[in-house]
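# Examining the three-dimensional arrangement
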Amino acid sequence: MDVDPLFLAVQDRMSVLEYEHWKREFEISTLEHAGRIVAVFQNKGPEFHFFTFYGHCFTRREVVDALRAVIEKYGCVTTTTPRTDPRQQRFNLRIGFKQTGVDNENVYYRLDSI
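Below is a summary of the structure that appears in this document.

Each value, and the rule that gives it
- Residues numbered from 1 in each chain as written.
- Predicted model: local features only at pLDDT ≥ 70, side-chain atom pairs only at ≥ 80, totals over all residues.
- Heavy atoms only, no water.
- Core = buried A, V, L, I, M, F, W, Y, C linked by side-chain atoms within 4.5 Å.
- Buried < 20%, exposed > 50% of the residue type's maximum accessible area, 1.4 Å probe, protein only.
- Contact = heavy atoms within 4.5 Å.
- Helix = DSSP H or I, 4+ residues; strand = E, 2+ residues; numbered from the N terminus.
- Pairing = 2+ DSSP bridges.
- Axes fitted to C-alpha atoms, helices over the stretch in contact; angles between N-to-C directions.
- Parallel < 35°, antiparallel > 145°, perpendicular 65-115°, else oblique.
- Nonpolar A, V, L, I, M, F, W, Y, C, P; charged D, E, K, R; others polar.
- Salt bridge = Lys/Arg side-chain N within 4 Å of Asp/Glu carboxyl O.

## Observations concerning the nonpolar core
By size, the foremost hydrophobic cluster in this structure holds 17 residues, and its most contacted members are F41, F48, L67, V77, F97 and L111. If sequence neighbours within four positions are ignored, L111 has contacts with L67, I71, C76, V77, I95, G96 and F97. Grouped together as the second largest cluster of nonpolar side chains are 12 residues, L6, V10, M14 and F51 included.

As C-alpha coordinates, then:
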(Lines give C-alpha, C1' and ligand atoms only; values in the text may rest on other atoms or scores of the structure.)
Protein backbone atom coordinates (compact mmCIF):
# COMPACT_ATOMS: atom_id res chain seq x y z
CA MET A 1 0.00 0.00 0.00
CA ASP A 2 1.35 3.41 -1.00
CA VAL A 3 1.36 6.06 1.70
CA ASP A 4 0.72 9.66 0.70
CA PRO A 5 4.06 11.51 1.16
CA LEU A 6 2.18 14.65 2.16
CA PHE A 7 0.45 12.76 4.97
CA LEU A 8 3.82 11.42 6.12
CA ALA A 9 5.07 15.00 6.30
CA VAL A 10 2.12 16.28 8.34
CA GLN A 11 1.11 13.25 10.40
CA ASP A 12 2.58 14.69 13.61
CA ARG A 13 0.40 17.79 13.14
CA MET A 14 -2.99 16.20 12.42
CA SER A 15 -4.98 12.99 12.53
CA VAL A 16 -6.03 11.09 9.41
CA LEU A 17 -9.53 12.58 9.65
CA GLU A 18 -8.15 16.10 10.07
CA TYR A 19 -5.82 15.47 7.12
CA GLU A 20 -8.67 14.36 4.85
CA HIS A 21 -10.72 17.42 5.84
CA TRP A 22 -7.69 19.71 5.32
CA LYS A 23 -7.08 18.34 1.82
CA ARG A 24 -10.73 18.97 0.89
CA GLU A 25 -10.80 22.49 2.32
CA PHE A 26 -7.48 23.91 1.11
CA GLU A 27 -5.46 24.15 -2.07
CA ILE A 28 -2.10 22.67 -1.10
CA SER A 29 1.31 22.92 -2.72
CA THR A 30 4.59 21.60 -1.41
CA LEU A 31 8.25 22.49 -1.57
CA GLU A 32 10.69 19.60 -1.79
CA HIS A 33 14.43 19.40 -1.22
CA ALA A 34 16.52 16.23 -1.41
CA GLY A 35 13.44 14.15 -2.16
CA ARG A 36 11.37 15.10 0.88
CA ILE A 37 8.67 17.66 1.57
CA VAL A 38 10.17 20.52 3.57
CA ALA A 39 7.35 23.09 3.35
CA VAL A 40 3.63 23.21 2.70
CA PHE A 41 1.84 26.24 1.30
CA GLN A 42 -1.92 26.19 1.78
CA ASN A 43 -4.65 28.54 0.72
CA LYS A 44 -8.40 28.68 0.89
CA GLY A 45 -9.28 31.27 -1.68
CA PRO A 46 -6.95 34.19 -1.00
CA GLU A 47 -6.30 33.13 2.62
CA PHE A 48 -2.71 31.84 2.73
CA HIS A 49 -0.62 30.02 5.33
CA PHE A 50 2.49 27.87 5.31
CA PHE A 51 4.54 25.65 7.56
CA THR A 52 7.97 24.08 7.32
CA PHE A 53 9.59 20.82 8.39
CA TYR A 54 13.06 19.70 9.42
CA GLY A 55 14.13 23.24 10.26
CA HIS A 56 14.02 24.16 6.57
CA CYS A 57 14.41 27.85 5.81
CA PHE A 58 13.11 28.59 2.35
CA THR A 59 14.25 31.42 0.16
CA ARG A 60 12.36 34.63 -0.42
CA ARG A 61 11.94 33.53 -4.06
CA GLU A 62 10.19 30.31 -2.98
CA VAL A 63 7.62 32.12 -0.83
CA VAL A 64 7.18 34.90 -3.41
CA ASP A 65 6.43 32.30 -6.09
CA ALA A 66 3.78 30.68 -3.86
CA LEU A 67 2.21 34.07 -3.05
CA ARG A 68 2.27 35.17 -6.69
CA ALA A 69 0.29 32.09 -7.71
CA VAL A 70 -2.45 32.97 -5.20
CA ILE A 71 -2.51 36.64 -6.27
CA GLU A 72 -2.79 35.64 -9.93
CA LYS A 73 -5.74 33.39 -9.13
CA TYR A 74 -7.61 35.51 -6.52
CA GLY A 75 -6.32 39.08 -6.95
CA CYS A 76 -4.78 39.28 -3.48
CA VAL A 77 -3.45 37.24 -0.57
CA THR A 78 -4.62 37.52 3.03
CA THR A 79 -3.15 35.95 6.13
CA THR A 80 -3.23 36.14 9.90
CA THR A 81 -0.61 35.77 12.58
CA PRO A 82 -1.01 35.40 16.31
CA ARG A 83 -0.91 38.73 18.07
CA THR A 84 1.67 37.23 20.43
CA ASP A 85 4.18 36.33 17.67
CA PRO A 86 6.20 39.38 16.57
CA ARG A 87 8.56 37.20 14.50
CA GLN A 88 5.73 36.14 12.17
CA GLN A 89 4.46 39.72 12.05
CA ARG A 90 7.90 41.01 10.97
CA PHE A 91 8.12 38.29 8.32
CA ASN A 92 4.79 39.34 6.80
CA LEU A 93 5.81 43.00 6.71
CA ARG A 94 9.19 42.15 5.11
CA ILE A 95 7.44 40.20 2.36
CA GLY A 96 5.23 43.22 1.64
CA PHE A 97 1.96 42.48 3.43
CA LYS A 98 0.06 45.47 4.82
CA GLN A 99 -1.67 45.17 8.17
CA THR A 100 -5.43 45.46 7.77
CA GLY A 101 -6.65 44.81 11.29
CA VAL A 102 -6.07 43.38 14.72
CA ASP A 103 -8.24 41.74 17.35
CA ASN A 104 -7.61 40.09 20.71
CA GLU A 105 -5.96 37.04 19.09
CA ASN A 106 -4.68 37.85 15.59
CA VAL A 107 -3.13 40.45 13.34
CA TYR A 108 -4.60 40.49 9.80
CA TYR A 109 -2.68 41.21 6.61
CA ARG A 110 -3.30 41.67 2.89
CA LEU A 111 -1.00 41.68 -0.13
CA ASP A 112 -2.26 42.87 -3.53
CA SER A 113 0.92 42.52 -5.59
CA ILE A 114 4.42 41.18 -5.28
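Next, the rest of the story.
## Let's talk about the environment of V102
Along the chain, V102 turns up in strand β5 (residues 98-102). Accessibility expressed as a relative area gives 48% for V102, which makes it partly exposed. Expressed as a C-alpha distance, the spacing of V102 and T81, which sit 21 residues apart in the sequence, is 9.6 Å. Each residue touching V102, except ones within four places of it in the same chain, is listed here: R83, V107 and Y108.

## Let's talk about the pairing of strand β2 (residues 36-44)
Taking burial as the measure, the nine residues of β2 include seven buried ones, the bulk of the element. Relative to β2, strand β1 (residues 27-33) runs antiparallel, the two sharing seven bridges. Across the sheet, H33 pairs through a bridge with R36, a residue of β2. Turn length for the β1-β2 hairpin, with the two strands adjacent in sequence and antiparallel, is two residues, and the turn residue A34 shows positive phi of about 50 degrees. Pairing analysis gives six bridges linking β2 to strand β3 (residues 47-52), with the strands arranged antiparallel. Of the residues in β3, the one forming a bridge with K44 is E47. In textbook terms, the turn of a hairpin is the stretch between consecutive antiparallel strands, and for β2 and β3 this stretch comprises two residues, one of which, G45, has a positive phi near 65 degrees.

## What about the packing of helix α3 (residues 60-74) against helix α4 (residues 86-95)?
Orientation of α3 relative to α4, taken along the N-to-C sense of each, is 75 degrees, at an axis distance of 12 Å. Classed by the angle they form, the pair α3 and α4 counts as roughly perpendicular. Residue-level inspection shows R60, V63 and L67 of α3 in contact with α4, the latter providing F91, R94 and I95. Among the residues forming the contact of α3 with α4, the class breakdown is four nonpolar, no polar and two charged.

## Let's talk about the pattern of salt bridges
Going through the model one piece at a time under the given rule, you end up with five salt bridges. Notably, a salt bridge pairs R68 with D65, separated by 3.6 Å at the nearest N-O pair. Of this pair, R68 and D65 both sit in helix α3, three residues apart, which is roughly one turn of the helix. The partly exposed category is assigned to D65, whose relative accessible area is 37%. It is possible to trace a salt-bridge network through shared partners that takes in R61, D65 and R68.

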